[in-house]
Amino acid sequence: MQFGIFYEHQHPKPWSDDDEFDLLRDALDQVELADRLGFDYAWEVEHHFLDEYSHSSAPEVFLAAAAARTKRIRLGHGIRQVIPKYNHPARTAEGLATLDLISDGRVDFGIGEGATRLELHGFDIPAKQKRAMALEAAEQIANMMVLDPYPGYTSDTFSMPCRNVLPKPRQKPHPPMWMACTNRDTIKEAARNGIGALAFSFVDPDEAKSWIDVYYDIIRSDECVPLGHTVNANIALVTGFSLHEDRAEAIRRGQEGFEFFGYALNALVAHDQVPGRTDLWGEFQARRSPDSVERRIAAADEQGDDFASCIGTPDDAARYLRQMRDVGVDQVIFIQQAGRNEHADICSSLELFARDVMPEFSADEADRRQRKAAELAPFVEAALARKTWMQPLADDDIPVVRASVARAQTAGSLA
């Protein structure tokens, strides 16, 4: 099993002048620490206009800074908003390839579409068309990273003439592709498109197994037609994270932030919002039971050695991860920066996990991945054979881009 850390850059009110500076500085320190400790992934989301919930509007900048401070950890866009009105596909392709080069091939490309009116309406994106627009753009982004030159494309939502999109990524044919998934339907969509599933729902092992079975059944079936130029058959699940030798202390440090993560995610979709005047943290505190953390501690203690959670002791985390490993989860991603979780507590949790939990799950990871790749190889080959590929242009068919009249006149006068 592999392990990742995840960033929304949550920033509950009240705010002070240096808070965002501290938030980003601490997050970079955490990624650098995770790299040294042997974590596999650092994932960064892209959201816009979501006060308190996510101040992560430029993940390409954060991940570039992380690339400069790390050696081996993979750097994941989890996700990049790919609809053209968010980010022009050529600019996304250019940014991904540049990041892949400067990181020595450590980039993963998660695609997303946005769910809130604050984001969608802010960029004039019709909610009913967002899924189709995202998948269309993502396929063209993959083509741009591979084809030399990109032949061009025209549709009702996006068009671009023939151009050579540069640079090309270090990973060939392009960085692994993923998709944000919040339910069984989106898990199916990811599998049909041959891309990894970033499952942003909190599920128990039985439900996780049902998702995984559905996903891999489709990967092995004729339904799988890759969106990109390869198949990335993987499922990653997110969970809360806070470790301490004392279970009660781990819950006190991490449970509130994890609860806020879920509350804010729902509130931004379900509740009316006034831009710049949110009070998500205050609403969360007013709605939650004041003794919810203590009740969580009591419930965990009642379960005793059967308690399984990554908000707890190293033994509690190991029990939870064994359950997820046994049902086929490929990666667990830890939501450790949530609510008002403290930087020092996050770092100590990462260190404790790397020392006491990670070794059990990383010892045979390379062999597991090799066995899995061999087992899926014929299905991947069949899926790629089903894809309708954008054809490269013959040299004689590449259009000539004429110089402007003014440019031609200037050149003539200089001669």
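These numbers were taken from a predicted model, which means no experiment stands behind them.

Enquirer: Now, about the overall build of the protein chain: what can you tell me, with residues and values included?
Expert: Along the protein chain, the regular secondary structure elements total 15 helices and 12 strands. Taking the principal axes of its C-alpha atoms as reference, the protein chain extends roughly 80 × 50 × 40 Å. The buried share among the 415 residues of the protein chain stands at 54%. The long-range share in the protein chain, meaning contacts at least 24 apart out of those at least 6 apart in sequence, stands at 76%. Charge separation in the protein chain, taken as the distance between the mean sites of 45 positive and 67 negative side-chain charges, equals 4 Å.

Enquirer: Tell me about unusual backbone geometry, and name the residues and values.
Expert: At the junction of Lys13 and Pro14, the peptide bond is cis and its omega measures out at 5° in the coordinates. Inspection of the secondary structure assignment puts Pro14 in the loop between strand S1 (2-7) and helix H1 (19-37). The omega torsion across Gly78 and Ile79 is 25°, close enough to zero to call that bond cis. Secondary-structure assignment places Ile79 in strand S3 (residues 74-81). In this structure, Phe49 is a non-glycine residue whose phi angle is positive, near 70°. You can see Phe49 is positioned in the loop between strand S2 (41-44) and helix H2 (59-69).

Enquirer: Tell me about the packing of aromatic side chains, and please be specific about residues and values.
Expert: With the rule as written, the count across this model stands at 24 aromatic pairs. An angle of 80° between the planes, with centres 6.4 Å apart, marks the rings of Tyr41 and Trp178 as edge-to-face. With Tyr41 in strand S2 and Trp178 in strand S7 (residues 177-181), this residue pair connects regions lying 137 residues apart in the sequence. Residues Tyr41 and Trp178 agree in their burial class; the two are buried. With a centroid separation of 5.7 Å and an interplanar angle of 25°, the aromatic rings of Tyr153 and Phe158 are classed as stacked. A residue is classified by how much of its surface remains accessible, and Phe158, at 4% relative accessible area, is buried. Taken together, the aromatic side chains of Phe3, Phe39, Phe241, Phe334, Phe353 and Phe361 make up a single cluster linked through ring pairs.

Enquirer: Describe the environment of Ala208, and please don't skip the residues or the numbers.
Expert: By the secondary structure assignment, Ala208 is in helix H7 (residues 205-219). For Ala208, a relative accessible area of 1% translates into the label buried.

Enquirer: Talk me through the nonpolar core; I want residue IDs and the actual numbers.
Expert: Ranked by internal contacts, the top residues of the largest apolar core, which has 92 residues, are Phe3, Phe39, Ile111, Tyr215, Leu321 and Phe353. Top element by residues in this core is helix H5 (residues 130-146). It accounts for 9 residues. Setting aside anything within four residues of it in sequence, one finds Tyr215 in contact with Ile187, Ala190, Ala191, Ile195, Gly196, Ala197, Asn232, Ala233, Asn234 and Ile235. Residues Tyr53, Val238, Phe260 and Ile311 belong to the second largest nonpolar core, which totals 32 residues.

Enquirer: An account of the sheet that holds S1 is requested, with residue identities and associated values reported.
Expert: One closed barrel holds the 8 strands; their spatial order is S1-S2-S3-S4-S7-S8-S9-S12, and the pairing between them is parallel. Direction aside, the axes of adjacent strands within the sheet are offset by 25° on average. Where S1 and S2 come together, 4 bridges link them in parallel fashion. Bridging from a neighbouring strand, Tyr7 pairs with Glu44 of S2. Across the sheet, H5 touches strand S4 (107-112) and S7, and the angle it forms with S4 is around 155°.

Enquirer: With reference to specific residues and values, describe the pairing of S1.
Expert: Counting buried positions along S1 yields 6 of 6 residues, so the element is predominantly enclosed. Sheet analysis places S1 next to strand S12 (residues 331-337), joined by 5 bridges and oriented parallel. Bridge pairing in S12 places Ile5 opposite Phe334. Running through H1, the crossover from S1 to the neighbouring parallel element S2 is right-handed.

Enquirer: Please give an account of the state of the cysteines that cites residues and values.
Expert: Counted according to the given criterion, the structure contains 0 disulfides. As a non-bridged cysteine, Cys224 has Cys181 as the owner of its nearest cysteine sulfur, 13 Å distant. Free cysteine: Cys310, not disulfide-bonded; nearest cysteine sulfur from Cys347 at 17 Å.

Enquirer: Pulling in residues and values, what's your account of the packing of helix H3 (residues 89-102) against H5?
Expert: One can describe the packing of H3 onto H5 by two numbers: an axis separation of 9 Å at closest approach and a directional angle of 50°. Taken together, the axes of H3 and H5 lie oblique to each other. For the crossing formed where H3 meets H5, the hand is right-handed. Counted together, Pro89, Ala90, Thr92, Ala93 and Leu96 of H3 and Ala137, Ile141, Met144 and Met145 of H5 form the full contact between these two elements. A breakdown of the residues in the contact of H3 with H5 according to their chemical character gives 8 nonpolar, 1 polar and no charged.

Enquirer: Which residues make up the pattern of salt bridges, and what values do they have?
Expert: Across all of its chains, the model carries 35 salt bridges by this definition. Note that Asp40 is salt-bridged to Arg72, the shortest N-O span being 3.7 Å. Highlighted residues: Asp40 in the loop between H1 and S2 and Arg72 in the loop between H2 and S3, separated in sequence by 32 residues. Residue classification places Asp40 among the buried positions, given a relative accessible area of 16%.

Enquirer: So what's going on with the pairing of S4? Residues and values would help.
Expert: Most of S4 is tucked away, with 6 of its 6 residues classed as buried. Burial along S4 is two-sided: Val107, Phe109 and Ile111 facing one way and Asp108, Gly110 and Gly112 facing the other are all buried. What joins S3 to S4 is H3, and the crossover it makes is right-handed.

Rules of the game
- Residues numbered from 1 in each chain as written.
- Predicted model: local features only at pLDDT ≥ 70, side-chain atom pairs only at ≥ 80, totals over all residues.
- Heavy atoms only, no water.
- Helix = DSSP H or I, 4+ residues; strand = E, 2+ residues; numbered from the N terminus.
- Buried < 20%, exposed > 50% of the residue type's maximum accessible area, 1.4 Å probe, protein only.
- Contact = heavy atoms within 4.5 Å.
- Lys, Arg positive; Asp, Glu negative; His and termini not counted.
- Charge placed at Lys NZ, Arg CZ, Asp CG, Glu CD.
- Phe/Tyr/Trp six-rings, centres within 6.5 Å; stacked < 30°, edge-to-face > 60°.
- Core = buried A, V, L, I, M, F, W, Y, C linked by side-chain atoms within 4.5 Å.
- Pairing = 2+ DSSP bridges.
- Axes fitted to C-alpha atoms, helices over the stretch in contact; angles between N-to-C directions.
- Right-handed = clockwise from strand over helix to strand, strands pointing away.
- Disulfide = S-S within 2.5 Å.
- Parallel < 35°, antiparallel > 145°, perpendicular 65-115°, else oblique.
- Left-handed = near helix turned anticlockwise from the far one by under 90°.
- Nonpolar A, V, L, I, M, F, W, Y, C, P; charged D, E, K, R; others polar.
- Salt bridge = Lys/Arg side-chain N within 4 Å of Asp/Glu carboxyl O.

Spatial relationships are all this shows, so hold off on functional conclusions.
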